[in-house]
Amino acid sequence: MSGPADHPFAAAVKPLVDAMGGEMIAPDRARGDDVVLSWEGRPVVAVRLPHLSDSLDRILADLQRRHGVPLSALDRKAKQSVVRHLEQRGAFSVRHGVETVAGALGVSRFTVYNYLNREKSGD
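Parameters at a glance
- Residues numbered from 1 in each chain as written.
- Predicted model: local features only at pLDDT ≥ 70, side-chain atom pairs only at ≥ 80, totals over all residues.
- Heavy atoms only, no water.
- Helix = DSSP H or I, 4+ residues; strand = E, 2+ residues; numbered from the N terminus.
- Buried < 20%, exposed > 50% of the residue type's maximum accessible area, 1.4 Å probe, protein only.
- Lys, Arg positive; Asp, Glu negative; His and termini not counted.
- Salt bridge = Lys/Arg side-chain N within 4 Å of Asp/Glu carboxyl O.
- Pairing = 2+ DSSP bridges.
- Axes fitted to C-alpha atoms, helices over the stretch in contact; angles between N-to-C directions.

## Overview of the side chain of K79
- When you line up the elements, K79 lands in helix 3 (residues 76-88).
- For K79, which is buried and forms no salt bridge, the nearest opposite charge comes from D75, at a distance of 8.2 Å.

Structure (structure tokens):
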């Protein structure tokens, strides 16, 4: 018998679930905060979303992979770009988001706030 992950719809959404850091589970194992996805009126797969703090760590790890070096090794302009990207993704709405980002970039919280303020002022 095939499982929910074998369904073509589940295969289609798997890259998105992976990018979010979610976990695909059988619909009958879904908890209250899981998202059950249906196809043609029938539950196919449930998605367990990660905690927000885990999401920030995942985004930072992905940015590091994309840059090919530790984020702390980036130049100032690249770090500003990373902060801009993270702000667009909502990273600073997570508790301790600024501290987490500052640690990953190897800068102070004050510097991260300066990058954010610079972006808002258009400099």
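Text resumes after the structure shown.
## With respect to the sheet that holds strand 2 (residues 35-39)
- The sheet built from three strands is open, its strands ordered 1-3-2 with antiparallel pairing. Every other strand in the sheet has two partners, leaving strand 1 (23-25) and strand 2 as the edge strands with one partner each. Ignoring strand direction, the axes of neighbouring strands in this sheet form an average angle of 30°.
- Pairing of strand 2 with strand 3 (residues 42-48) involves five bridges; the strand directions are antiparallel. Looking at the pairing, L37 lines up with V45 of strand 3.

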